[in-house]
Structure formats: structure tokens, C-alpha cells
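Structural overview
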Amino acid sequence: MVESIGFRIYKRLPVFCQNVVFSLKGLQNHHERYNRYFHNYLSWLRESEWWSGEEIYKYQNEKLRHIVAYAYENIPFYKRWFDEHGIRPNQIKTQEDLNKLPILTKQTVRDNQDELISHQYKKRQLLRRLTSGTTGTALTIYAIREATAFQWAIWWRHRARFGFNIGDSHLSFGARIAVPVTQKRPPFWRQNLMARQTYISTYHMTHKNLPVIVDWINKHDFDFYAGYPSAIYVLANFLSENNMHLLHRPKCIICGSEALLPTFERCIREVLGVPVTEQYGMAEFAGNMAKCECGKFHLDFECCCVEAIPMSSASDGYAKLIFTGWGNPAMPFIRYDVGDYAVQSKQVCRCGRESICFDSVDGRIEDYIRTPDGRMAIGMNQVFEYAPGAKEIQIYQGRLEEIEVRVVPGRNYTMQDEQALLLELRQRVGNEINIKFVLVDHIPRTSSGKFRAVVSGLTGQSEGEEELKERIER
Ligand SMILES: [Zn+2]
């Protein structure tokens, strides 16, 4: 819907029609996600999460052997990749054998995207999606319908742990533009009637608009809130600063898409007075984890296995996450470096699930762009997908009135990429900010080697943002 031409038409429609378009898109999503495979997967997943550690390990190794053999037979990239490194598929028998294979980086995926699609499928029959590009490199992913259903079943299993089912009403805080940023008056929300989902435009959560937004929220009763924790934090912080309360509290807050910082979590929990949980996933479907009732991240072992490789420089227990996923045979990821880090739990979780678990996952941490009208623009990395010719992109804000877009151009980078970026950025930050493009040879990493898609050099940040900075720098 945010594709330029489509969005230009959408923008001109009256709100009622935008809600119809939004619901139609919801209907399409509904068919892609909640098809006949979905319900079978969900009921199986609700049983398998209680398997013993032994059963889990055995199951994962079986799946691993299968996907390695399958990839070698059917996917040109893996055939070449294994041959080049002198590996035969039958040498990978258990997860411990995975380190015989090289690590697959995002750049390698990007350079070999078409060769990573299985011969068993025709590209045009597959569902296409884009990664958010939090590490500066957006990728195109192709998936079979069953994989999409499997992934959504995993996400709904997490929600089911907290008592929710499909069809429960929810308010989503996301970085998608459902309401044009140029729109100055409410409504700043759109409805997907199919999923009983209301989507609130986080780009409109300004000091000026928040009273209207709170007033509107108070006229509704949502079962749960979902989405970007930083946006839910903006709401909670506003309520707290103005000594306001919600008339109908949701039963739970389900965070995703970016890391939930402890400061944000504390504020949301205290102000809204409800449980806060989160899940960690990715468009690549290389791996997934979701928190249990005790607050630990459990690996969704049904679709993946993970290697947690300790970082030599880290004294705080953080390890690099390398995933191997078998949920999507059209484009599986073997030994994939997703660019995130986590601290593995030392004990078995009190909840009784014996899957591998993590105390914290330190991925998807980004700075925000501040706008002169007081907004914190989140998920800015989403614009990267509109410039396929760029190798890497970083957005830097040194002062309130200007953002600098640093681009490492690829061979096919043209003015079209720049114009598309500009258009998408304007949609998000409005017209009151200067946008400058700078072409660079490379984008430096942090001392721990992390790429940062959005960097803020502004001072006078809140406690939460200070914490964010420290964690990014680590
Ligand atoms: Zn647990």
C-alpha cells in the first residue's frame, strides 16, 4: 500500500474508503496467513512446546539433516557453496556439525538472491516480502504459502500463551504509513475489520495529537496492544507526564519489531498496569523466539536451530546468533548471521518448557529521528527497501532541522533510488526537515562491529534513549 503510485491514489481517498482498502489488504493477508495449514500448525505447536529436551534435540537434528540435503539438491547457491568449501551434506548430522559450514552473511544473500530459491518452486508462484533492513541491507525473500502460515502460527502461539486468539481486537503500533503524514487532523488510525485490528499511525504521535489519540483510545476497548515498544512507550510516557489514565486497559502488551528496552518496559508496565511480553522474529524466517509467561525467550525450535557464538570482546555474556531455519523450503537460510545478539539462560525455565532459552535478545536497536514538531520517527530503516540499487544506507541526524542520508551506492544505483528514498523519507518526517544525500565508500561499524541503520547525534535525550545509546555502543 505504501508503493508510490498505489499510495498516491490511497492518499486521496476519503477515510471511509481508506478503511475499506485497509480491510481488503487485511483480507488478502488473512488468506495468506490463516489458510488451512495455519490451524493445523497452531494446534501442533501448542503441544510440541512441551516436548522434552531430548525430543526437541532429536527433532531438530532430523530437520537439519533434511534441509541440508534438500538445499544441496535443489538450491544452486548451496550446491556451489558446499562444494567450494569441500563439504558433503552427509557430514552434517547434528547441530554440532554446523560449524563445518561457513557463516552466511546478509551481503552473500544479497549477492545471490535468485540462486537461493529452490528449483522445486516457480518464483512467480511464491509470496514475496522484503526484510526491514535494520542492518542496512534490505533483502527480498520468497516464501511458500505454507511457510507464511507456519510463521504466523508461531506468532499466534506466543499470543495464545497470554490468552489471545485470532479475532481478538487489538490496536497495532507500527511503522507502516496507513495515514499520510501530511494529514494534520484526526483520524490518525485505520481499521482492518477482517482482523479486528486498528492500526495507529505512529508518525502522528506528536505532542499536539496525543490528547486526541488518547481521547479516541478511551472510546474503545481493545483486548491487547501490539507493535513497536518505542511507540507504546511514547503513549505511556505521555499519559504519565499528564497524569492521565486509560479508561479501558488492554489485557496485555505484545511487543515486536524492535528490542524492548528495560526503561520502556518499566514505563509501559507501570503506567498501563498490564503484563508486557515480546517476540523476536524476522522476515527471512531463519529463526524465531518468543517470551513465555516467566519472561524468557524460548527458541521456536519447530522451525529452526540456533548457534550462540560468544563474542571475544563481550564480558556481559552476549553471543552472536546464527540461525538455521527449515520453515520455508523455497528459500531456507543455513548458518545465517542475522546480525543480532543474545544472552543464553543458564538454567531451565520455570515455565516447564525445555527448549533453549535466552534472558535477553539485543537485536533491532535503532535510534530515532526527531522532527521539529516533537515526534520520534521509528522504523526509519523501512525506507531502505525502496532503493534497491544501494548497498548500504545509514540515516544520521546531527541537528533537529536536518537529516543526512549516507549511501554506499551499488553498481545499479541511480537517481531513481535517491528519489524513491526522498519520497519515502518525506512521508515519514514531513516537510519541515532538510534531507541531505551523501555518497560514501563505506559506513563504519560500532566498536563491537554492529551496523546502525539510524544514528542520532542529538543531545538532551530521555533516560530511555540514553540507555538505547549505551546498548548500541556496547
Ligand atoms: Zn519459560
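Note: the structure precedes this text.
Residues numbered from 1 in each chain as written. Predicted model: local features only at pLDDT ≥ 70, side-chain atom pairs only at ≥ 80, totals over all residues. Heavy atoms only, no water.

1. Here's the deal with the coordination of the zinc ion
To keep things clear, this is the line we draw: Sodium, potassium and calcium take a 3.2 Å donor cutoff, other metals 2.8 Å, and in both cases only N, O and S atoms count; water is not among them, so sites may look incomplete. Working rule for geometry: tetrahedral if four donors all subtend angles between 85 and 135 degrees; square planar for four, octahedral for six, if opposite donors exceed 155 degrees and the others stay between 65 and 115; irregular in every other situation. Secondary structure follows DSSP: runs of H or I at least 4 residues long count as helices, runs of E at least 2 residues long count as strands, and numbering of each begins at the N terminus. Only protein chains enter the calculation, and the probe is 1.4 Å; a residue is then buried if its accessible area is under 20% of its type maximum, exposed if over 50%, and partly exposed in between.
On the protein side, the zinc ion has Cys292 (SG), His298 (NE2), Cys349 (SG) and Cys351 (SG) as donor atoms, found 2.1 to 2.3 Å from it. Taken together, the 4 donor atoms coordinating the zinc ion span angles of 102 to 120° at the metal, a pattern that classifies the geometry as tetrahedral. One chain supplies every donor for the zinc ion, spaced along it as C-x5-H-x50-C-x1-C. Taken as a pair, Cys292 in the loop between β9 (289–291) and β10 (297–299) and Cys351 in the loop between β13 (333–344) and β14 (357–361) lie far apart in primary sequence, 59 residues in all. In terms of burial, Cys292 and Cys351 fall into one category: buried.

2. Side note on helix α7 (residues 145–161)
Quick note on the threshold: How far a helix is expected to stretch is found by multiplying one less than its residue total by 1.5 Å.
Its 17 residues place the ends of α7 25 Å apart at the C-alpha level, agreeing with the 24 Å of an ideal helix rising 1.5 Å per residue. Extensive coverage of α7 is indicated by the burial of 15 of its 17 residues. Downstream of α7 by a residue or two, Gly163 has a phi angle that is positive, lying close to 90°.

3. Overview of the sheet that holds β10
For clarity, the cut-off: Paired strands are those between which DSSP finds at least two bridges. Axis definition: a line fit to C-alpha positions, over the contact stretch in the case of helices; interaxial angles, taken between N-to-C directions, run 0 to 180 degrees. The contact criterion used throughout is that any non-hydrogen atoms of two residues lie within 4.5 Å.
Spatially, the 12 strands line up as an open sheet ordered β4-β5-β3-β6-β7-β8-β9-β10-β14-β13-β12-β11, and their pairing is mixed. Two strands lie at the open edges of the sheet, namely β4 (189–192) and β11 (304–310), each paired on one side alone. Recorded for the sheet is a direction-independent mean angle of 30° between the axes of neighbouring strands. Two strands pair when backbone bridges link them, and strand β12 (residues 318–325) and β13 are joined in this way by 6 bridges, in the antiparallel orientation. Bridging across to β13, Ala319 finds its partner in Ala342. Along the sheet, helix α9 (residues 229–241) contacts β3 (170–174), β6 (224–227) and β7 (252–255); its crossing angle with β6, the most-contacted strand, is approximately 130°.

4. Topic: the packing of aromatic side chains
For clarity, the cut-off: For Phe, Tyr and Trp, rings pair up if their centres lie within 6.5 Å, where Trp contributes its six-membered ring, and each pair is then called stacked (planes under 30 degrees apart), edge-to-face (over 60) or tilted (otherwise). Geometrically, a charge over a ring is one whose NZ (Lys) or CZ (Arg) sits within 6 Å of the ring centre while staying within 35 degrees of the ring normal.
Applying the stated criterion across every chain, the model contains 23 aromatic pairs. Three or more aromatic residues joined by ring pairs make a cluster, and in this case those are Phe173, Phe188, Trp189, Trp216, Phe222 and Tyr225. The ring of Trp156 carries the charged tip of Arg159 above its face, separated from the ring centre by 4.6 Å.

5. Digging into helix α11 (residues 415–429)
Filter applied, for reference: Any pair of N or O atoms that falls within 3.5 Å is considered a polar contact. Within protein, one atom must be able to donate a hydrogen and the other to accept it, and sequence-neighbouring residues count only if both atoms are side-chain atoms.
End to end, α11 covers 21 Å across 15 residues, agreeing with the expected 21 Å (1.5 Å per residue, within 8%). Every buried residue of α11 is accounted for by Asp417, Glu418, Leu421, Glu424, Leu425, Gln427, Arg428 and Val429. With a side-chain oxygen lying 3.1 Å from the backbone nitrogen of Gln416, the N-terminal cap of α11 falls on Thr414. Remark: Gly430 follows α11 within two positions and exhibits a positive phi of approximately 80°.

6. With respect to the sheet that holds strand β17 (residues 390–399)
With mixed pairing, 4 strands are arranged side by side in an open sheet as β19-β18-β17-β20. Looking at the sheet topology across the chains shown, the edges are occupied by β19 (434–439) and β20 (454–456). Ignoring strand direction, the axes of neighbouring strands in this sheet form an average angle of 20°. Across 7 bridges, the pairing between β17 and strand β18 (residues 402–409) is antiparallel. Counted as the bridge partner of Ile393 is Val407 from β18.

7. A word on the environment of Gln183
Within the element layout of this structure, Gln183 appears in the loop between β3 and β4. With 82 residues separating them along the chain, Gln183 and Glu265 place their C-alpha atoms 30 Å apart. Once you skip the residues sitting within four places of it in the chain, Gln183 turns out to touch Phe188, Arg190 and His204. In this structure the side chain of Gln183 is engaged in a polar contact, spanning 2.7 Å, whose partner is the backbone oxygen of Arg185. Separated by 3.2 Å, the side chains of Gln183 and Arg190 make a polar contact.

8. With respect to the pairing of β4
Two faces, one strand: in a regular strand the side chains alternate between the faces of the sheet. Where β4 and strand β5 (residues 197–201) come together, 4 bridges link them in antiparallel fashion. Each bridged residue has a counterpart across the sheet, and for Trp189 the counterpart in β5 is Ile200. In this antiparallel pair of consecutive strands, β4 and β5, the connection spans 4 residues, and Arg196 shows a positive phi of 50°.

9. Overview of the pattern of salt bridges
To keep it simple, the criterion reads: By salt bridge we mean one thing: a side-chain nitrogen of Lys or Arg within 4 Å of a carboxyl oxygen of Asp or Glu.
Across all of its chains, the model carries 24 salt bridges by this definition. Of the charged contacts, one joins Arg80 and Glu84 as a salt bridge, the two residues approaching to 3.6 Å between their closest N and O atoms. Here Glu84 and Arg80 lie together in helix α5 (residues 76–84), a separation of 4 residues that amounts to about one turn. Overall, the relative accessible area of 54% leaves Glu84 in the exposed class. Note that Asp337 and Lys320 form a salt bridge whose closest N and O atoms lie 2.9 Å from each other. Of this pair, Asp337 sits in strand β13 while Lys320 sits in strand β12, and the two are 17 residues apart along the sequence. With relative accessibility at 22%, the residue Lys320 sits in the partly exposed group. Here the salt bridges do not stand alone but share partners, grouping Arg399, Glu401, Glu402, Glu404, Arg406 and Lys436 into one network.

These values are about where atoms sit, not about what they do.
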